[in-house]
Amino acid sequence: MTETLQGVGVSHGVAIGQVRHMGTAVLEPEAKQIPTEDAAREQARAKRAVDAVAADLQARGNLAGGEAQAVLEAQALMALDPELMADVERRIAVGSSAERAVYDAFAAYRALLAAAGDYLAGRVADLDDVRNRIVARLMGVPMPGVPDSDEPYVLIARDLAPADTALLDPTLVLGFVTEEGGPTSHSAILARALGVPAVVAMPGATAMPEGVVVAVDGSSGAVIVDPSTETQERLRREAAERKAALAASTGPGRTSDGHLIPLLANIGGPVDVPAAVKAGAEGVGLFRTEFLFLDDSKKAPSEDAQVEAYRAVLEAFPEGRVVVRVLDAGADKPLDFLTPADEPNPALGVRGLRSLLEHPEVLRTQLRALARAAEGLPVHLEVMAPMVADRQDAKAFADACREAGLQAKFGAMVEIPSAALRARSILREVEFLSLGTNDLAQYTFAADRQVGAVARLQDPWQPALLDLVALSAEAARAEGKSCGVCGEAASDPVLACVLTGLGVTSLSMGAASIPYVRAKLAKVTLAQCERAAAAARAADSAAEARAAANQVLSGE
Ligand code: PEP
Ligand code: MG
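Below or above, wherever it landed, is the structure these notes cover. This structure is a prediction, so every number in the text was calculated from the model and none was measured.

Quick look at the packing of helix α19 (residues 493-501) against helix α22 (residues 542-553)
Two quantities define a packed helix pair, namely the angle between the helix axes and the distance between the axes.
Part 1 of the reasoning: Between α19 and α22, the least distance of the axes is 10 Å, while the angle of their chain directions is 85 degrees. Taken together, the axes of α19 and α22 lie roughly perpendicular to each other. Side by side, α19 and α22 meet where Val 494, Cys 497 and Val 498 of the first sit next to Ala 549, Asn 550 and Leu 553 of the second.
Part 2 of the reasoning: For the contact of α19 with α22, the class distribution of residues is five nonpolar, one polar and no charged.

Right, here's the structure in full:
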């Protein structure tokens, strides 16, 4: 019987196909005692399995490239953690089998991480995935993960580990639905990078029977279970029409009456540039430079290595804007050499700009590398700081940029409510603002962006978040400066129109979203966007805001 379930749409498109569940069997090896004379052999076996899994993750990373590569490499490093291996060897020495020792050592490590603060919630999933892979290899059972299938299917999972999303084959995996995860979780960001329709935070996802046909709408978040033939035909027809409309939309971002709103790309490094160029990005609105720092969590990459990576990106957009964010370490992106290990609440601790101001040499090297990379290029380089709280932060960043001799515009990200509330004061120090709506939602609603249970509060349609966007855009307009959005909010085509109506001056998103946003903007006038923005702000909930804006904008 047809039934419609509702989750949060995080990656556009419609997928219709049979459900296949992710292999999530919890493998708990038997706790049997092994003879002491077998210990050395077991230790060698454990070491081989760990090395093989690390090499496999590394290889998957090389294959995937981009942001996925950084995540997979971080997982490979987890597997190779020498303390973890030492613990495994200790456990084997006192009688554990290799698989049981790995299982128990990871459990101890996991407990340690969990006790270190809830910001590690997202990494715990990564750690569990690494453990399952090693244990499966040792037990000689199939690896947990994406099911083996020759037929295209819709993948269902409680949550998807980066190792799995990174290797989803878009020709086989039509789309995916998860029970956990929020709209700004890494899985959602990776799904958009892959261009696979996806719905997250959907209660009941894992209870859907294997093999049942579902239609997944990655835009609205609706999942129709067992849709009728007519519904399937209608959805396919609509998807085909949308695809044709998308292919026809090219050129700069603009409303139907000619209001220009540059559409920029979010990238994690040079490897993401070709997709951005192909999607017609007018530049880069957010270069997340921390992905360059994940290779070795013990130290920063050299100045020369940074120059090379920055130059590769700058050269790809000779006439366009490239907005580079300086290192945003901490909270969901911890780095050993910068992030304090003992913070009770790292999302509220020394992260982002705060971390760089405590390690000025890291900031200086990065700014110098950017200055060198831009030398002799006609590009419009802009450099911004993450997690700016007030004018003092903005001044410290601008001073550091000036001292490094950087010929660029300096800006501040608005990710903390205080920055939106006092945007004018921050704009006395910097030349532009960029709204990081992922963190801005997290801090406005006190809702961890990695926790599926609070996804409702991470919804960028929340009117309180729209109020803060409006405050920032109004302040920038009053100061004659620009204010873009680079959080995931910009990738929702209808919300992109609302943001335009609120007065933001550019939108930056994963490359796969650009055609959708461009096509939607081209169908509406600026006045409609402004009316939709007013209607959304007048609403009392995210759902009402979405409905009100849709109503205004549907008279396209
Ligand atoms: C944001 O917080 O909205 C943002 C763009 O930064 P990140 O997602 O990298 O934290
Ligand atoms: Mg952020």
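Let us keep going from here.
Here we look at helix α2 (residues 66-79)
Part 1 of the reasoning: Relative to the 20 Å expected for 14 residues at 1.5 Å per residue, α2 spans 21 Å between its end C-alpha atoms, a close match to the ideal helical length.
Part 2 of the reasoning: The element α2 is extensively covered by neighbouring structure, given that 13 of its 14 residues are classed as buried.

Looking at the sheet that holds strand β3 (residues 14-21)
Part 1 of the reasoning: Read across the open sheet, the eight strands follow the order β1-β8-β7-β3-β4-β5-β6-β2; overall the sheet is mixed. The strands lining the two open edges of the sheet, one partner per strand, are β1 (3-6) and β2 (8-11). Ignoring strand direction, the axes of neighbouring strands in this sheet form an average angle of 30 degrees.
Part 2 of the reasoning: Two strands pair when backbone bridges link them, and strand β4 (residues 153-157) and strand β5 (residues 173-178) are joined in this way by five bridges, in the parallel orientation.

Examining the pairing of strand β16 (residues 506-509)
Part 1 of the reasoning: Going residue by residue along β16, you find Ser 506 and Ser 508 tucked away on one face and Leu 507 and Met 509 tucked away on the opposite face as well.
Part 2 of the reasoning: As paired elements, strand β9 (residues 263-267) and β16 share three bridges and run parallel to each other. Looking at the pairing, Leu 264 lines up with Ser 508 of β16.
Part 3 of the reasoning: Note on the crossover from strand β15 (residues 482-485) through α19 to β16: the handedness is right-handed.

Notes on the pattern of salt bridges
Pairing is possible between side chains that carry opposite charge, provided their charged atoms lie close to one another.
Part 1 of the reasoning: On inspection of all chains with the given rule, the structure shows 30 salt bridges.
Part 2 of the reasoning: A salt bridge links Arg 100 to Asp 104, with the shortest nitrogen-to-oxygen separation between them at 3.3 Å. Taken together, the residues span about one helical turn, with Arg 100 and Asp 104 both in helix α4 (residues 98-115) at a distance of four residues.
Part 3 of the reasoning: One salt bridge connects Arg 351 with Asp 328, and the closest N-O pair in it is separated by 3.3 Å.

Quick look at the sheet that holds β9
Part 1 of the reasoning: Judged by pairing direction, the barrel is parallel, and its eight strands sit side by side in the order β9-β10-β11-β12-β13-β14-β15-β16 before closing back on the first. Strand-to-strand twist in this sheet, taken as the mean axis angle between neighbours without regard to direction, amounts to 25 degrees.
Part 2 of the reasoning: With respect to the sheet, helix α13 (residues 360-374) is in contact with β11 (321-325) and β12 (380-385), its orientation differing from that of β12 by roughly 170 degrees.
Part 3 of the reasoning: Across the sheet, helix α14 (residues 391-403) touches β12 and β13 (409-414), and the angle it forms with β13 is around 155 degrees.

The rules behind the values
- Residues numbered from 1 in each chain as written.
- Chains lettered and ligands numbered in written order.
- Predicted model: local features only at pLDDT ≥ 70, side-chain atom pairs only at ≥ 80, totals over all residues.
- Heavy atoms only, no water.
- Axes fitted to C-alpha atoms, helices over the stretch in contact; angles between N-to-C directions.
- Helix = DSSP H or I, 4+ residues; strand = E, 2+ residues; numbered from the N terminus.
- Parallel < 35°, antiparallel > 145°, perpendicular 65-115°, else oblique.
- Contact = heavy atoms within 4.5 Å.
- Nonpolar A, V, L, I, M, F, W, Y, C, P; charged D, E, K, R; others polar.
- Expected span 1.5 Å × (residues − 1).
- Buried < 20%, exposed > 50% of the residue type's maximum accessible area, 1.4 Å probe, protein only.
- Pairing = 2+ DSSP bridges.
- Right-handed = clockwise from strand over helix to strand, strands pointing away.
- Salt bridge = Lys/Arg side-chain N within 4 Å of Asp/Glu carboxyl O.

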